[in-house]
Amino acid sequence: MPFDIQEIPTKPYEGQKPGTSGLRKRVKVFQQEHYTENFVQAIFDAVPLKGATVVIGGDGRFFSQPTVETILKIGAANGVAHFIVGKDSILSTPAASNIIRKYKADGGILLTASHNPGGPDNDFGIKYNVSNGGPAPESITDKIFEKTKTITSYKVLSAPKVDLSKIGETSYGPSKVTIIDSVSDYVALLASIFDFPLIKSFLSTTPSFRVLFDGLHGVTGPYARAILLDTLALPASSVQNAVSLPDFGGGHPDPNLTYAHSLVSAVEENNIPFGAASDGDGDRNMIYGKGAFVTPSDSVAIIADWAEVIPYFKKGGVKGFARSMPTSEAIDLVGKKKGLEVFEVPTGWKFFGNLMDAGRLSICGEESFGTGSDHIREKDGLWAVIAWLNIIAAANHPSTKPTYFPDHTAPIGINDILQRHYRIYGRSFFSRYDYEEVSSTGAQNLVSALNEHITAQSLVNTKHTSPSTKQEFTISRVSNFTYTDPIDHSVSKNQGQIVQFSDGSRVVFRLSGTGSQGATVRMYVERYTKDEREMGKKTEEGLKGLIEVALKVSRLVEFLGREEPTVITVSFRCRFVLE
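Residues numbered from 1 in each chain as written. Predicted model: local features only at pLDDT ≥ 70, side-chain atom pairs only at ≥ 80, totals over all residues. Heavy atoms only, no water.

Right, let's talk about the nonpolar core for a bit. The biggest cluster of nonpolar side chains holds 80 residues, and the ones touching the most others in it are Leu 190, Leu 228, Phe 274 and Trp 388. A total of 13 residues in this core trace back to one element, the largest contributor, which is helix H14 (residues 381–396). Excluding residues that lie within four positions of it along the chain, Phe 274 makes contacts with Phe 209, Arg 210, Val 211, Leu 212, Ile 287, Tyr 288, Gly 289, Val 385, Trp 388, Leu 389, Ile 392 and Ile 414. Counting residues in each nonpolar core, the second largest holds 41 residues, with Phe 30, Tyr 35, Leu 49 and Ala 136 among its members. (Core = buried A, V, L, I, M, F, W, Y, C linked by side-chain atoms within 4.5 Å. Buried < 20%, exposed > 50% of the residue type's maximum accessible area, 1.4 Å probe, protein only. Helix = DSSP H or I, 4+ residues; strand = E, 2+ residues; numbered from the N terminus. Contact = heavy atoms within 4.5 Å.)

For the rest of this paragraph, the subject is the packing of helix H6 (residues 184–193) against H14. Where H6 contacts H14, the two axes come as close as 11 Å, and the packing angle between them is 35°. For H6 against H14, the interelement crossing comes out right-handed. For the pair H6 and H14, contact is made by Tyr 186, Leu 190 and Ile 193 and by Leu 382, Trp 383 and Ile 386, respectively. Among the residues making up the contact of H6 with H14, the classes are represented as six nonpolar, no polar and no charged. (Axes fitted to C-alpha atoms, helices over the stretch in contact; angles between N-to-C directions. Left-handed = near helix turned anticlockwise from the far one by under 90°. Nonpolar A, V, L, I, M, F, W, Y, C, P; charged D, E, K, R; others polar.)

Turning our eyes to something else, we now look at the environment of Pro 235. Mapped onto the elements, Pro 235 comes out in the loop between helix H8 (221–231) and strand E11 (239–240). Owing to a relative accessible area of 47%, Pro 235 belongs among the partly exposed residues under this scheme. In sequence terms Pro 235 and Arg 210 are 25 residues apart; their C-alpha atoms lie 9.5 Å from each other.

Turning our attention to the pattern of salt bridges. Scanning all chains against the criterion turns up 31 salt bridges. For the salt bridge of Arg 26 with Asp 123, the shortest nitrogen-to-oxygen distance reads 2.6 Å. Here Arg 26 is found in strand E2 (residues 23–26), whereas its partner Asp 123 is found in strand E6 (residues 123–129), with 97 residues between them in sequence. Judged by its relative accessible area of 3%, Asp 123 falls in the buried class. A salt bridge links Asp 283 to Lys 379, with the nearest nitrogen and oxygen atoms 3.8 Å apart. With Asp 283 in the loop between strand E12 (274–278) and strand E13 (285–289) and Lys 379 in the loop between strand E18 (370–373) and H14, this residue pair connects regions lying 96 residues apart in the sequence. Residues joined by salt bridges that share partners form a network here, namely Arg 323, Glu 329, Asp 332, Glu 344, Arg 506 and Glu 526. (Salt bridge = Lys/Arg side-chain N within 4 Å of Asp/Glu carboxyl O.)

The next thing to look at is H6. An α-helical turn contains 3.6 residues, so any two residues separated by three or four positions project in the same direction. Of the positions making up H6, those classed as buried are Asp 185, Tyr 186, Val 187, Leu 189, Leu 190 and Ile 193. Residues of H6 that are buried make contact with helix H4 (93–102), strand E9 (175–180), helix H7 (196–205), H8, helix H11 (311–316) and H14.

On to the sheet that holds E9. Strand pairing within a sheet occurs via backbone hydrogen bonds; the two strands may be parallel or antiparallel. Sheet architecture is open: seven strands sit in the order E2-E6-E5-E3-E4-E9-E8, paired in mixed fashion. On the outer flanks of this sheet lie E2 and strand E8 (168–172), each paired with one strand and no other. If you compare each strand with its neighbour and ignore which way they point, the axes differ by 15° on average. For E8 and E9, the ladder comprises five bridges, and the chain directions are antiparallel. Looking at E9, one finds that Glu 169 is bridged to Thr 178. (Pairing = 2+ DSSP bridges.)

A few words now on unusual backbone geometry. One non-glycine residue, Ser 114, adopts positive backbone phi at about 55°. Along the chain, Ser 114 turns up in the loop between strand E5 (107–111) and E6. Positive phi, close to 65°, is recorded for His 489, a residue that is not glycine. Mapped onto the elements, His 489 comes out in the loop between strand E22 (483–484) and strand E23 (491–492). On the basis of relative accessibility, which here comes to 57%, the residue His 489 falls in the exposed class.

Attention shifts here to the confidence of the model for the protein chain. When pLDDT is averaged along the protein chain, the result is 94; 97% of the residues meet or exceed 70. When the criterion is pLDDT under 50, residues 571–579 qualifies, and its contacts beyond four places in sequence or with other chains add up to 30 contacts. (pLDDT = per-residue confidence, 0-100.)

With that settled, the discussion passes to the layout of surface pockets. Estimates place the volume of the second largest pocket at around 350 Å³. Along the walls of the second largest pocket sit 21 residues, with Pro 137, Glu 138, Lys 350, Asn 354 and Asp 488 positioned nearest its centre. Of all the secondary-structure elements, those providing two or more residues to the lining of the second largest pocket are helix H5 (138–150), helix H13 (350–357) and E23. When residues in the lining of the second largest pocket are grouped by element, the largest group, five residues, is from H13. Of the residues in the lining of the second largest pocket, the class split is eight nonpolar, seven polar and six charged. (1 Å grid on protein atoms, 1.4 Å probe; cavity = no way out; pocket = protein on both sides within 12 Å on 5 of 7 lines; lining within 4 Å. Points joined across faces, edges and corners; volume = space filled by probe spheres on them.)

In this section: the side chain of Ser 175. Relative to the elements of secondary structure, Ser 175 occurs in strand E9. Its relative accessible area of 4% is what places Ser 175 among the buried residues. Leaving out residues up to four positions away in the same chain, Ser 175 has contacts with Ala 76, Val 80, Ala 81, Phe 83 and Thr 170.

Here the focus is helix H9 (residues 261–270). Inspection of H9 places Leu 263, Val 264, Ala 266, Val 267 and Glu 268 among the buried residues, and these make up the whole buried set. Note on H9: the residue one or two positions beyond its end, Asn 271, has a positive phi of about 50°.

Here's what the structure looks like:
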């Protein structure tokens, strides 16, 4: 049967280069004539998907449903055999990765700009995931970019729109389209990983241990309700901002202490022992309870240390750990104690995928509030939240509590687990300074100046004194991080400038690729100690001298024209959060 397939002439747009997580731009950029169509066609030109099964979903942000229609029209015209689409175009990024793997799809197209704001005046994004469920590697995104530079036309199928709100199967020209429930497969996955009966028993028998999850009006609201309310039988008050909105309620759906203030305020005001939040597309998380904020670096290290209480790892074992290069080295200490490999990779979850597929990696994380395991090939916000609940439930169980906390009679909470970890492994004071939407020229000048120091090695052995603390720091090494993948031996260069100090402290500078406008510069500061007198210090106190030296050495304020960062991510006593 012939189908009405048309070829539409077009011209290339400059700058359609995918970053670490796809192509992200303002909505108005994607709304330009042929702009979105060009990029979608470039995906089908770069990746052989004729006769393939393709998953489509996203975080529900503004412009998602029109883009799903565009993908269906272009994909069908290019010979895709089967589309699996989340109801109402909704699939969290972790859920989409699971669907790709579970139904053995050839790939997926995800519509998200992750933690960036949504709405007609904000951000949109398109990224391609491969058959293992993970983000496309650079070898594929480079091909897509090359296709965008030479495109002259795109194909579309002329056919009535598919009803994305109706679960079921339908024909769409030469293709089959299956609309699926967005939540059920993901809930089943987590139920197979964690000890839901143990968690439910602990929560039901310890009413004082209240839980609050904040969806920030992102995609995770329906998933959180299904797990926390329907499965674990928590009261409805245990979730807030759990209705997914195309503009995220006008907020910034980034689970950190700056943008998740709705969670911070509620936890502090209501003395809630366990709070958590996730981002726009559900792949990030923040763990925050009354009196205790968990840095992402500490979070992944603690999950790694307690992996034995999680059924998935108890059954399958733990193969190895990994972190992104800027993330603190806390998980390295856990790996060393347990005799397991620990990998240091560039920022971008795709770098973990090869290690997982090769059977060498189980648990990994990034300091940017991303944590996950080899159950899928994306970071997973709710996975981390439930991992913490599983750990806390296990720590409080009568059969294990005497082993882990022999002197505790009260319920074990977040801060108890943190302090136990610090006593065993020491503490890594860690902070990240984000300078968002700064001048691209200034950001590049900062990077260039650091690279000149690296080439000349002009900073090595220089001494620098903090004006306020009078601490002296000696630079022992400066380098630009290069990663050689141990599996496919691909090389990723220029992944961040590292300034290492003789006491083991380090500062990392990185030009981020996740923004949609201007440039974002991130500065990561880390100082490790085993001195018990420092374990209870506020992070800003533990890092003050090092931060002053880092700003002076890099001349960051001079280059960026910013006295203060947009966001500071730290770990400290919660009373400081609210000041």
